[in-house]
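# Secondary and tertiary structure notes
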Amino acid sequence: MIATQSALELKGEMLMLNVLRLQDVDIKLIEETLQQKRNEAPLFFVQSPVVVDCSNLSQEQGKQLDLRALRRLLVRMDFVPVGLRNVSNAMLAASMTSGWNILRSSTKHPPQKALVINTPDENARVTENTSTEEQEQNEDAVSTEPVSEDQVNEAIENTSLTSRQKQGLIIERPIRSGQQIYAKRGDLIILSQTSAGSEVMADGSIHVYGPLRGRVLAGVKGNKKARIFCRSLEAELIVIAGCYQLLDESETELKGKPAMIHLEDEKLIIEPLI
Amino acid sequence: MSKVIVVTSGKGGVGKTTTSAAFAAGLASKGHRTAVIDFDVGLRNLDLIMGVERRVVYDFVNVINGEATLRQALIKDKRVDNLFILPASQTRDKDALTKEGVESVINELKTDGFEFIVCDSPAGIEKGAFMALYFADEAIIVTNPEVSSVRDSDRILGILQSKSRAAENGDVIKEHLVITRYSPERVDMGDMISLEDIVDILSVPLLAVIPESGSVLQASNSGVPVIMDIKSRAGQAYMDMTARFLGEDIPHRFLDIEKKGFFKKLFG
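Residues numbered from 1 in each chain as written. Chains lettered and ligands numbered in written order. Predicted model: local features only at pLDDT ≥ 70, side-chain atom pairs only at ≥ 80, totals over all residues. Heavy atoms only, no water.

## So, the overall build of chain A
When its secondary structure is counted, chain A shows seven helices and 15 strands. Counting across all 274 residues of chain A, residues that qualify as buried make up 44%. A separation threshold of at least 6 residues defines the contact pool for chain A, and within that pool the share at least 24 residues apart is 44%. Summed over all atoms, the accessible surface of chain A reaches about 15500 Å², with 52% contributed by carbon and sulfur. (Helix = DSSP H or I, 4+ residues; strand = E, 2+ residues; numbered from the N terminus. Buried < 20%, exposed > 50% of the residue type's maximum accessible area, 1.4 Å probe, protein only. Contact = heavy atoms within 4.5 Å. Areas by Shrake-Rupley, 256 points an atom, 1.4 Å probe, with all protein chains shown as cover.)

This is how it looks when you write it as structure tokens:
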């Protein structure tokens, strides 16, 4: 491919961004509130990119907002200011002269909208590989789920995503060769077996109470704390948050035995399950 | 209440048609009105194995297309009462099968009073196999004691429980496992997968084990369902299978190496 010799590679990628939605224009007040948030989770904000959203500000407030001061404040507090969003026309000139980038405003849901929690049925996707279209859709859902603002806001409020991960998916029947199952945003619990040639995936952890024989992918959206638990470890491939291991290449003595797998320093650790 | 039973396997050549023919004949011989449909459009075999090849006038596709009535196409078996065969077309391909068409034929068989409708699936996971399993209430999975056959059966089980009409309605198709061409000697030598391992891999209840037997080939070639050869071990095993399917509690046979007596050792 010629692409390998080209000077650059240009592609769209989804990045985690913090969205700071301003409700007030008083820089002092903003600083105090931010400082409070940062004290709750000091490491969470270090060098983290932030987009300032002005959709909740009135025209009048927009004019009063000192964009230069805001930028300085964010830099001082170790944020990386990326740009402004939902800026009113009245603010446009000021934003440009103060060195802010203007991001295309999102046409997505209004800011007041509550967090949408999918019903478990929507979260569950059992697919059959014979239809490539379906599979592509499935992969779509895995890889291009956009970062929602609510998600970020919630992260700021709770400093963790645990409340989103409480939904689990319980499967009672065997997962057969060629079948895929994906528990979006939660844990996956399989009461029966998974066959060789099957694929079980979850954003959270995976528990399998029959023999685990196919591919198993926990933390597919990057959750490094996700774990895999099984009664009989016979999997072909084990993946947690992108770190993978073929069981046949592993030196573990737990093949065919109860095991728990977790990630430690980018390495998969297979331990006996008591 | 009539039951639609698909005989399927994923892999070819494992004994689906032999099993369909024997099982349907077995059900009919026990007094149940039974129809067996060949879904292998383009590669029809069922009529050969049932010995009705030369009696085929109209076929399954003719009925679907409205070129013949179901009554015209159904072939009544001359040896067993209550047994009817709906042959496949040899000159068409599987695209001739439509969901609506298959459904109307199955519904007509049901209203006609057939208790069991046995669907003989073609190999593979393409349209023909899909059509054969789509309307099933129960499934008989035919497997050989061999890795690729077991794997393909697993695959078809997945399709069965996710793509069938029952699955679409949130129901579960009842599964039965039939292991054919089983040879305890070769299992013992390590050539074949043991029946315990197959059941463990597939975790499907075992309905029958059909021993490897020369009489199967012989029966196929002469157009007689092997179940009618009551002297053969395979025929007896199929008889047990039918009885077990109908709810009788019969122990499995032919699972252990046959001990040869003195004379047998001498004269083979």
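## Observations concerning the packing of helix α1 (residues 27-40) of chain A against helix α3 (residues 67-76) of chain A
All names here are of chain A. One can describe the packing of α1 onto α3 by two numbers: an axis separation of 10 Å at closest approach and a directional angle of 20°. By the criterion of interaxial angle, the relationship of α1 to α3 is roughly parallel. In the packing of α1 onto α3, the handedness of the crossing is right-handed. Facing α1, whose interface residues are I27, I30, E31 and L34, α3 presents A69, L70, L73, L74 and R76. (Axes fitted to C-alpha atoms, helices over the stretch in contact; angles between N-to-C directions. Parallel < 35°, antiparallel > 145°, perpendicular 65-115°, else oblique. Left-handed = near helix turned anticlockwise from the far one by under 90°.)

## Things to note about the sheet that holds strand β3 (residues 75-76) of chain B
All names here are of chain B. Across the sheet, eight strands lie side by side as β3-β4-β2-β5-β1-β6-β7-β8; this open sheet has mixed pairing. Each end of this open sheet is capped by a strand with a single partner; those strands are β3 and β8 (206-211). Of the strand pairs in this sheet, strand β6 (residues 138-143) and strand β7 (residues 174-182) are connected by six bridges, and their pairing is parallel. Bridge pairing in β7 places A139 opposite E175. (Pairing = 2+ DSSP bridges.)

## Structural notes on the confidence of the model for chain A
Residue and element names in this part refer to chain A. Confidence in the prediction for chain A averages 76 pLDDT; 74% of positions are at 70 or higher. Low pLDDT, under 50, characterises residues 107-123; the stretch is placed with 22 contacts to residues that sit more than four places away or in other chains. Note on residues 129-165: pLDDT under 50 across the span, and 69 contacts to partners over four residues away in sequence or across chains. (pLDDT = per-residue confidence, 0-100.)

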